Amino acid sequence: MSERKIMAIGAHADDIEFDVGGSFLKYQKAGYGFDYIMSTNNMSGQIHQVNPDGSMTRLECVPGKMEEIRKREADAGAAMLGTRPLHLDYPQRHYSAPDGHRINADYGAPKPENCTCDRPFIMVAHECPAEVKRVADLILERDPEAVLSHGLVTDSPEHYATGILVTKAFLQARKQGYRGDLYYFFELCESSMFKREFFFWDSFIDITGFREKQFDLIRCHYSAVPFPERMDYFDLTPVCGCRDAELFNFFRPEGQQKPSARGKFTEELCRNYRPHRWYDPGAEN
Ligand SMILES: [Zn+2]
């Protein structure tokens, strides 16, 4: 195993910063390095333009330009974590045409110009054995202490498509000797219905004292998230015993009852592991 290294595979520029940014900042201080990997080509999205009065206007952006902006921002985020992004470059499921309307990228759809579109679309990448093998080989080659990615309970289709791809690759890597664990992120997406209606996890990393710096990290993605401090973070003290934490779900492969500790990061996840925890943020706990 490469010493003190964690692999995170997010769908989009900013996902890693949002979902595990606090944990990574904490463990960076403890000497850890990171494999910062993005599954999509980041060609789709809107630019959040900040107006003089502090309000935001969302502007459509053509794929080539969007990819360039978001990858530049990912470089900045990864640099703060002492690493460089690796892009798997699966094209996103839609994009903006030059006249501003959205085009769905489905089976057989034409690929947009001026951006990286050599691979299958992200929604179907997990159905392609060659792509599953590509990610499995990456896990085997880098041999991180643990792999972190999107869970399957998320309202972003590109997040769960990434989660399925990573899960299949993880299982394949295990068959070939990989000994680390897979954990799913708990997503803090503001709009996520799951955050409020289906809130469960089984372990966490205490990131108390790292939230402000995490905002600086997220702010690297200025075109998408100019004001991360406006996000609605729960006080997790009643359930975790600490103000700020990042939550995870341990993916339990057949024949393995509990997560295993391979270093300080996974030791903390093992220490905080208690299966099937639920939380109703509106209820007294
Ligand atoms: Zn995302």
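Residues numbered from 1 in each chain as written. Predicted model: local features only at pLDDT ≥ 70, side-chain atom pairs only at ≥ 80, totals over all residues.

Student: Could you give me a rundown of the nonpolar core, with the residues and numbers involved?
Tutor: The biggest cluster of nonpolar side chains holds 73 residues, and the ones touching the most others in it are Ile6, Ala8, Ile139, Leu148, Ala169, Tyr183 and Phe248. At 7 residues, the largest contribution of residues to this core is made by helix H5 (residues 157-175). (Core = buried A, V, L, I, M, F, W, Y, C linked by C-beta atoms within 7 Å. Buried ≥ 20, exposed ≤ 12 C-beta atoms within 10 Å, placed from the backbone. Helix = DSSP H or I, 4+ residues; strand = E, 2+ residues; numbered from the N terminus.)

Student: How would you explain the environment of methionine 66 if you had to name every residue and give the values?
Tutor: Mapped onto the elements of the fold, methionine 66 is located in helix H2 (residues 63-80). With 96 residues separating them in the primary sequence, methionine 66 and threonine 162 have C-alpha atoms 20 Å apart. Other than its neighbours up to four places away in sequence, methionine 66 contacts Asn42, Met43, Ser44, Gly45 and Cys61. (Contact = placed C-beta atoms within 7 Å.)

Student: Give me the lowdown on helix H1 (residues 15-29), citing residues and values where you can.
Tutor: With 15 residues, H1 extends 21 Å from end C-alpha to end C-alpha; this agrees with the ideal 21 Å at 1.5 Å per step. The largest bend along H1 reaches roughly 70° and is located at glycine 21. Within H1, 13 of the 15 residues are buried, leaving the element largely enclosed by the surrounding structure. Count one or two residues on from H1 and you reach glycine 31, which has phi positive near 100°. (Expected span 1.5 Å × (residues − 1). Bend = angle between axes of the 7 residues up to and from the residue.)

Student: So what's going on with the pairing of strand E8 (residues 146-149)? Residues and values would help.
Tutor: Residues Ala146 and Leu148 of E8 are buried on one face, and the alternating residues Val147 and Ser149, pointing to the opposite face, are buried as well. Relative to strand E9 (residues 181-185), E8 runs parallel, the two sharing 4 bridges. Pairing of valine 147 across the sheet is with leucine 182, part of E9. In the classification by handedness, the crossover that spans E8, the intervening H5 and the parallel E9 is right-handed. (Pairing = 2+ DSSP bridges. Right-handed = clockwise from strand over helix to strand, strands pointing away.)

Student: Could you give an account of the pairing of strand E1 (residues 5-10), naming the residues involved and the relevant values?
Tutor: Most of E1 is tucked away: 6 of the 6 residues are buried. Side chains Lys5, Met7 and Ile9 of E1 all project onto a buried face; the interleaved residues Ile6, Ala8 and Gly10 project onto the opposite face, where all are buried too. The pairing of E1 with strand E2 (residues 33-40) spans 6 bridges and is classified as parallel. By the bridge assignment, glycine 10 is partnered in E2 with methionine 38. The parallel pair E1 and E2 is bridged by H1, and the resulting crossover is right-handed. Note that E1 and E8 share 4 bridges and pair parallel. Following the sheet pairing, isoleucine 6 is matched in E8 by alanine 146.

Student: Describe H2, and please don't skip the residues or the numbers.
Tutor: A rise of 1.5 Å per residue sets the reference length of H2, with its 18 residues, at 26 Å; its end C-alpha atoms lie 26 Å apart and thus fit the reference within 8%. Buried within H2 we find Pro63, Met66, Glu67, Arg70, Glu73, Ala74, Gly77 and Ala78. Along the axis of H2, the buried positions cluster into a sector of 140°, meaning they face one direction only. Tucked inside the fold, the buried residues of H2 contact H1, E2, strand E5 (85-90), strand E6 (94-96) and helix H7 (211-218). Where H2 terminates, the next one or two residues include glycine 82, which has phi positive at roughly 75°. (Arc of directions from axis to C-beta.)

Student: I'd love a proper account of the sheet that holds E1, names of residues and values included.
Tutor: Sheet architecture is open: 7 strands sit in the order E5-E2-E1-E8-E9-E12-E11, paired in mixed fashion. Of all the strands in the sheet, just E5 and strand E11 (203-206) have a single pairing partner and so form its edges. Strand after strand, the sheet turns through a mean of 25° between neighbouring axes, direction not considered. Seen against the sheet, H2 touches E2 and E5 and runs at an angle of roughly 150° to E5. (Axes fitted to C-alpha atoms, helices over the stretch in contact; angles between N-to-C directions.)

Purely spatial values, then, with no claim about function.
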